Amino acid sequence: MEDEANWPRDCLFPRVLIVGPLPPPIGGVSIHVSRLARRLNELGMQCSVLDESRVQKVGFENVRHLSLLAYLSIIRKHDLVHIHTSNRYVRLAHTLASRLMGRCVVQTFHGRQGHALERLMLRLSRLMGHASIGVSHDVAEVLQGNVSVIPAFVPPRVEDEALPIAVASWLRNVHQSGRGIIAMNAARAFRPHGIDLYGIDMLLTSFLNTSINEKYCAIICVGSRDGADGYLDWLLEQARPLILQDRVKIVFDLPNFAGVLKEADIFVRPTSWDGDAISIREALWYGLPVVASDAVQRPDAVSLFRNRNQTDLEQAILSVGPRSGHLNAGAPDYVLDVLEVYRTAMSRFAGKLRLADPGTERS
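This write-up is about the structure you can find in this document. Remember, predicted model here, so these are calculated numbers, not experimental data. (Residues numbered from 1 in each chain as written. Predicted model: local features only at pLDDT ≥ 70, side-chain atom pairs only at ≥ 80, totals over all residues. Heavy atoms only, no water.)

As for the overall build of the protein chain
Our working rule: Every helix listed is a DSSP run of H or I at least four residues long, and every strand listed is a run of E at least two residues long, numbered separately from the N terminus. Radius of gyration: C-alpha atoms only; globule rule: 2.2 Å multiplied by the number of residues to the exponent 0.38. Whether two residues touch is decided by their heavy atoms; if any such pair falls within 4.5 Å, the residues are in contact.
Counting its secondary structure elements, the protein chain contains 13 helices and 13 strands. For 363 residues, the compact-globule estimate of 2.2 N^0.38 gives 21 Å, and the protein chain sits close to it at 22 Å. Dimensions of the protein chain, computed from the C-alpha atoms along their principal axes, are close to 75 × 40 × 40 Å. Long-range pairs, those at least 24 residues apart, make up 70% of the contacts in the protein chain between residues at least 6 apart in sequence.

Structure follows, in structure tokens:
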């Protein structure tokens, strides 16, 4: 952890409240919030999480089950509120509440999609905070301001790789059959504007390609069954022949996708739009070849295909080389960058307090 002298006076070890979802349901943001909180506590920070997910967990306060007074009381007990909320309007409400309670606010923005009013809400939240993080340059550009670009990747631990016996057995059997494993994940089966957000349909269609069908099997991990509106049923019907042939396995609510990546041969991310895609960085951390759409800017090591172009996807899958092994030794530690943002935010916050009232102290 940074030298205490680098922190503002009277705020050497700020009490941090992370506001965002915890798994389950499984998703990139919820995994990031969970791992970030774990790592900050290991570094000696006093870090708590105010969970926003639909599933209430033992040991964590959930914003959906709090009175207004209890919610404000939780904010007041902390010095710095780090907001990861996906809903633009709820994010603005958290920002307003935290500022009204006189707390330092840091924002992490995980996506850039939305209509004009939603983007305005994001920019208002940024303006009201003391520091902001965008998970990619694309996201930071939409926010139009001083935004630190820090990928939302915190490396997994051994305990994050544990898999159910049935999943581990399926992966082992595929390798014994001589086929490679394509891994894919999706928070849910979702089709906004009639287009599959995560591209599950594209990966299923790729198995009509004889070369892919003979060389690979695929495991598709879906974080939640909620909100599919019948689309999930349609996908399962389309996948039925592949499932019966044991070419495709669809798994729901798998807590540790890292365990799948550890055993896979390729990771595919055919999303029609995206944030930074934590799963891509995790796959690269495991040394996996990654095939992804060009819907947004991707890390340099990723093999790109044209967004929603089926032929391009299939060619990209067939052209990738073998996995290169475990590459975690050279991975940057983005949590230290987050700590630097905290330091900057607390410096600004403390400076404003002194300007407003030189005698102000933290309560």
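A closer look at the sheet that holds strand β11 (residues 266-269)
What counts is decided by this rule: Paired strands are those between which DSSP finds at least two bridges. A fitted line through C-alpha atoms serves as each axis, taken over the contacting stretch for helices, and the angle formed by two N-to-C directions is quoted from 0 to 180°.
What the six strands build is an open sheet, ordered β10-β9-β8-β11-β12-β13; its pairing is parallel. Whereas interior strands pair on both sides, the edge strands pair on one side only; in this sheet they are β10 (248-252) and β13 (303-305). Ignoring strand direction, the axes of neighbouring strands in this sheet form an average angle of 20 degrees. Its contacts with the sheet put helix α11 (residues 278-285) on β8 (180-188), β11 and β12 (290-293), and the angle it makes with β11 is roughly 165 degrees.

Some thoughts on the packing of aromatic side chains
The criterion, for reference: A pair of Phe, Tyr and Trp rings is counted when the ring centres sit within 6.5 Å of each other, with Trp represented by its six-membered ring. The angle between the planes then sorts it: under 30 degrees is stacked, over 60 is edge-to-face, the rest tilted. For every residue, the accessible area obtained with a 1.4 Å probe (protein chains only) is divided by the maximum for its type, and the residue is called buried under 20%, exposed over 50%, and partly exposed between those limits. Definition used: whenever NZ (Lys) or CZ (Arg) falls within 6 Å of the ring centre and also within 35 degrees of the ring normal, the charge is taken to sit over that ring.
Enumeration according to the criterion identifies four aromatic pairs in this entry. A centroid spacing of 5.0 Å and a plane angle of 85 degrees characterise the contact between Trp-285 and Tyr-286, whose relative ring orientation is edge-to-face. Exposure class is identical for Trp-285 and Tyr-286. Each is buried. An aromatic cluster is built from Phe-153, Trp-285 and Tyr-286, whose rings are joined through pairwise contacts. A cation sits over an aromatic face here: Arg-188 above Phe-190, 4.0 Å from the ring centre. The side chain of Arg-225 reaches across the aromatic face of Phe-252, ending 3.8 Å from its centre.

As for the pairing of β10
Buried residues dominate β10, accounting for four of its five residues. For strand β9 (residues 216-224) and β10, the ladder comprises five bridges, and the chain directions are parallel. Counterpart to Ile-220 in the pairing with β10 is Ile-250.

Digging into the sheet that holds strand β5 (residues 104-109)
Within the open sheet, the seven strands sit side by side as β3-β2-β1-β4-β5-β6-β7. Their pairing is parallel. Looking along the sheet, the strands with just one partner apiece sit at the ends: β3 (61-62) and β7 (148-149). One ladder, built from four bridges, connects β5 with strand β6 (residues 131-134); its direction is parallel. Following the sheet pairing, Thr-108 is matched in β6 by Ile-133. Along the sheet, helix α1 (residues 28-42) contacts β1 (15-20), β2 (46-51) and β4 (80-83); its crossing angle with β2, the most-contacted strand, is approximately 160 degrees. The strands that helix α3 (residues 88-100) touches are β1, β4 and β5; relative to β5, the one it contacts most, it runs at about 165 degrees.

Quick notes on empty space enclosed by the protein
Over the atoms, a rolled probe matching the size of one water molecule traces out where space is still vacant. Here is the rule we go by: The way it works is a 1 Å grid over only the protein atoms, where trapped points that fit a 1.4 Å probe form a cavity and open points with protein on both sides within 12 Å along at least five of seven lines form a pocket, and then any residue with an atom within 4 Å of a point lines it. Grid points are joined across faces, edges and corners, and a volume is the space filled by probe spheres set on the points. For this classification, the nonpolar set comprises Ala, Val, Leu, Ile, Met, Phe, Trp, Tyr, Cys and Pro, the charged set comprises Asp, Glu, Lys and Arg, and every other residue, Gly included, is treated as polar.
On inspection of all chains with the given rule, the structure shows two cavities of 30 Å³ or more. Approximately 40 Å³ is the volume found for the largest cavity. Considering the residues around the largest cavity, the lining is formed by His-32, Leu-36, His-82, Thr-108, Ile-133, Ile-150, Pro-151, Ala-152 and Val-338. When the residues that make up the lining of the largest cavity are grouped by side-chain class, the tally is six nonpolar, three polar and no charged. Empty space within the second largest cavity amounts to approximately 30 Å³.

Thoughts on unusual backbone geometry
Between Pro-23 and Pro-24 the backbone carries a cis peptide bond, its omega angle lying at -5 degrees. Topologically, Pro-24 is positioned in the loop between β1 and α1. For Ala-277, which is not glycine, the phi dihedral falls at a positive 65 degrees. Among the secondary structure elements, Ala-277 is positioned in the loop between β11 and α11. Exposure remark for Ala-277: the relative accessible area of 7% places this residue in the buried category. Its identity as a non-glycine residue notwithstanding, Arg-308 has a phi of 65 degrees, on the positive side. If you trace the backbone, Arg-308 turns up in the loop between β13 and α12 (310-319). Here Arg-308 falls in the partly exposed class, since its relative accessible area comes to 34%.

Description of helix α2 (residues 68-76)
Under the convention used in this document: This arc is built from the directions going out from the helix axis to the C-beta atoms.
Turning to α2, its buried residues are Tyr-71, Ile-74 and Ile-75. An end-on view of α2 places all buried positions within 100 degrees of arc, on one side of the element.

Some remarks on the pattern of salt bridges
As a reminder, the rule being used: Salt bridges are defined as contacts in which a side-chain nitrogen from Lys or Arg sits within 4 Å of a carboxyl oxygen from Asp or Glu.
All chains considered together, the criterion is met by 17 salt bridges. Where Glu-161 meets Lys-262, a salt bridge forms, and the shortest distance between an N and an O atom there is 3.1 Å. Of this pair, Glu-161 sits in the loop between β7 and α6 (165-177) while Lys-262 sits in helix α10 (residues 257-263); the two residues are 101 residues apart in sequence, bridging distant segments of the chain. We classify Glu-161 as buried; its relative accessible area is 16%. Residue classification places Lys-262 among the partly exposed positions, given a relative accessible area of 41%. Three or more residues are tied together by salt bridges with common partners; here these are Arg-35, Arg-38, Glu-159, Asp-160 and Glu-282.

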